[in-house]
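Each chain is listed here by its residues.
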Amino acid sequence: ADEFVQHSPSPSIIPSPHESISSAAKVPSSTLANMSFKAQKMLGQLHKWGVNHTVGYKKRMQHDRLIKRAVFAEKYEALKAKYKSWVVGWEDVTKMDPAKYIFEDVAIAAYLIALWEGEDHTRRVQGHEVQPCSQTFVDLGCGNGFLVNILLNEGYKGRGIDLRSRKIWEKYSEDVRARLIEMPINPESEKFDEEWILANHSDELTPWVPLIAAENPHARFFLLPCCFWDFYKKFQGNDPRVGQYQTYLAWVEGIAKRVGFNVERDALRIPSTKNIALVALSRQPMDHDTLKQHRSEMLATSASTAASQYSSSSPSSSSLL
């Protein structure tokens, strides 16, 4: 019978306990290194899935929490038709992909304008007399300035600030260029009178935005975090159950709540993997002394951690001799 027939072992790349991988399979070392990298990556993903299953998975992104999808879509299509001509020549000046940067800023502008029009509608329902485009804004770390360009052309009053100017600024109208300001921002002392603090991928300024907005009792903010920064150093936190991006969002949201803001998360419909905005439409009353105390405590904690990390990573004095 077949079950009693002795079969010769088939070739295998898996070595026996008594032979090395190289003698068993003659696999090149580069291939083994690649296999090892992929195996570790796959195990990490399996671990993440297992943790999510254990704690209960929740959908991370919630779209259209503050703006109805149909309202946003209508506004976006109108702005896209109006500003799509900027694609021509954009890459020659900026060396950046126009499909991402132009239409991402168009989408953010559509979101903000829909949000602000919703604010105006609420005020009118409450009996207030509201002029169109009444909101004022400052865009911190405005980069190419295209978002500022759109909002100004749509009738809003505001300005953009960045550490350095961009060549594309020269392509905007004279009125827009006058509202794009090249200057450093000192987040520990800077104050702004505008109603809305905007920060789109503002890097090191990101955690400071709620503190800056808190200095103006009438300010709200729109914050779209990208790179992970603490106040004085790179952000190190990373909850393995949700990943570093979600960990960072929760940390920045905690800062905002501690200085009195009511924060909403909204996933924007933009061509970016970092598309979750933190939007503060309102705030809880807080006296100046309490605000100052909370601010000081958060900055002191961050500074202490940064100093400790620097000390542990620096070479000892003896090693420098």
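### Thoughts on the overall build of the protein chain
Helices and strands together make up the secondary structure of the protein chain, namely 10 helices and seven strands. Counting only residues that meet the buried cut, the protein chain has 39% of its 321 residues in that class. Taking the intrachain contacts of the protein chain between residues at least 6 apart in sequence as the baseline, contacts between residues at least 24 apart amount to 62%. A total of about 18900 Å² of accessible surface is found on the protein chain, and carbon and sulfur atoms cover 54% of it.

### Notes on the packing of aromatic side chains
In this structure the tally under the stated criterion is 18 aromatic pairs. Between Phe221 and Phe261, the aromatic rings sit 5.1 Å apart at their centres with planes inclined by 75 degrees, giving edge-to-face as the arrangement. With Phe221 in strand β5 (residues 220-224) and Phe261 in strand β6 (residues 261-267), this pair connects stretches of sequence that are 40 residues apart. Exposure class is identical for Phe221 and Phe261. Each is buried. Every member of this aromatic cluster is reached through a ring pair, and the members are Trp208, Phe228, Phe231, Tyr232, Phe235, Tyr245, Tyr248 and Trp251. Positioned above the aromatic ring of Phe103, the side-chain terminus of Lys80 is 5.5 Å from the ring centre. Its end group placed over the ring of Tyr101, Lys100 keeps NZ or CZ at 5.6 Å from the ring centre.

### Focus: unusual backbone geometry
Positive phi, normally seen in glycine, also occurs at His201, with a value near 55 degrees. Mapped onto the secondary structure, His201 falls in the loop between β4 (196-200) and α8 (209-214). Not every positive phi belongs to a glycine, and Asp203 is a case in point at roughly 55 degrees. By secondary structure assignment, the location of Asp203 is in the loop between β4 and α8.

### Describing the side chain of Lys233
Among the structural elements, Lys233 can be located in the loop between β5 and α9 (244-258). Residue Lys233 is classed as buried on the basis of its relative accessible area, which comes to 11%.

### Section: the pairing of strand β7 (residues 276-283)
Relative to β7, β5 is paired through three bridges, and the arrangement is antiparallel. Along β7, the bridge assignment pairs Phe222 with Val279. Where β6 meets β7, seven bridges bridge the pair, whose relative direction is antiparallel. Residue pairing in the sheet places Ala267 in a bridge with Ile276 of β7.

### Considering the packing of helix α5 (residues 98-125) against helix α6 (residues 146-153)
It is at 9 Å that the axes of α5 and α6 come closest, and there the two elements cross at 40 degrees. Taken together, the axis directions place α5 and α6 in an arrangement best described as oblique. Crossing angle aside, the handedness with which α5 passes α6 is right-handed. Taking contact as the criterion, the partners of Ile102, Asp105, Val106, Ile108, Ala109, Leu112, Ile113 and Trp116 in α5 are, on α6, Phe146, Leu147, Ile150 and Leu151. Broken down by class, the residue content of the contact of α5 with α6 amounts to 11 nonpolar, no polar and one charged.

### So, the confidence of the model for the protein chain
Per-residue pLDDT for the protein chain has a mean of 84; in total, 82% of the residues score no lower than 70. Low pLDDT (under 50) marks residues 1-24, which in the prediction has nine contacts with non-local residues, meaning those over four places away or in another chain. Note on residues 313-321: pLDDT is under 50 here. Beyond four places in sequence and across chains, it has one contact.

### A look at the pattern of salt bridges
Any two side chains of opposite charge can pair, given that their charged atoms come close. Here the structure, examined in full by the defined rule, presents 16 salt bridges. Between Asp239 and Arg241 there is a salt bridge; the shortest N-O distance is 2.8 Å. For Arg241, a relative accessible area of 45% translates into the label partly exposed.

### Thoughts on the sheet that holds β4
Spatially, the seven strands line up as an open sheet ordered β3-β2-β1-β4-β5-β7-β6, and their pairing is mixed. Since the sheet does not close on itself, it has two edges, and those belong to β3 (180-182) and β6, each with one partner. Here the strands of the sheet are splayed against their neighbours by 20 degrees on average, with no regard to which way each runs. Packed onto the sheet, α5 meets β1 (136-140), β4, β5, β6 and β7 and runs at close to 160 degrees relative to β4.

Cut-offs and rules
Along each chain, residues carry numbers from 1 onward, in the same order as the chain's sequence is written. Per-residue local features of the predicted model are confined to residues with pLDDT of at least 70, and side-chain atom pairs are confined, for both listing and counting, to 80 or more; whole-chain, interface and lining totals are unaffected and use all residues. In computing side-chain values, all of the structure's heavy atoms are included and hydrogens and water are not. For the purposes of this entry, the term helix denotes a DSSP run of H or I that reaches at least four residues, the term strand denotes a run of E that reaches at least two, and both are numbered from the N terminus. Whether a residue is buried, partly exposed or exposed follows from its accessible area with a 1.4 Å probe, protein chains only, as a fraction of its type maximum: under 20%, in between, or over 50%, in that order. In this analysis, two residues are considered to be in contact whenever any of their non-hydrogen atoms come within 4.5 Å of each other. We get accessible surface area from the Shrake-Rupley algorithm with a probe of 1.4 Å; when it comes to residues, only the shown protein chains can shield them. Only centres within 6.5 Å qualify two rings of Phe, Tyr or Trp (six-membered ring in Trp) as a pair; their planes then separate them into stacked at under 30 degrees, edge-to-face at over 60, and tilted for everything else. Two limits define a charge over a ring: the Lys NZ or Arg CZ must be within 6 Å of the ring centre, and within 35 degrees of the ring normal. A pair of strands is considered paired only if DSSP assigns at least 2 bridges between the two. Every axis in this analysis is a line fitted to C-alpha atoms, fitted for helices over the stretch in contact. Angles between the N-to-C directions lie between 0 and 180 degrees. Should an angle lie under 35 degrees it is considered roughly parallel, over 145 roughly antiparallel, and from 65 to 115 roughly perpendicular; all remaining angles are considered oblique. Should the near helix be turned counterclockwise from the far one by less than a right angle, the crossing is left-handed, whereas a clockwise turn marks it as right-handed. Residues are grouped as follows: Ala, Val, Leu, Ile, Met, Phe, Trp, Tyr, Cys and Pro are nonpolar; Asp, Glu, Lys and Arg are charged; all remaining types, including Gly, are polar. Here pLDDT means the predictor's own confidence in every residue, given as a number from 0 to 100. The salt bridge definition used is simple: a Lys or Arg side-chain nitrogen within 4 Å of an Asp or Glu carboxyl oxygen.

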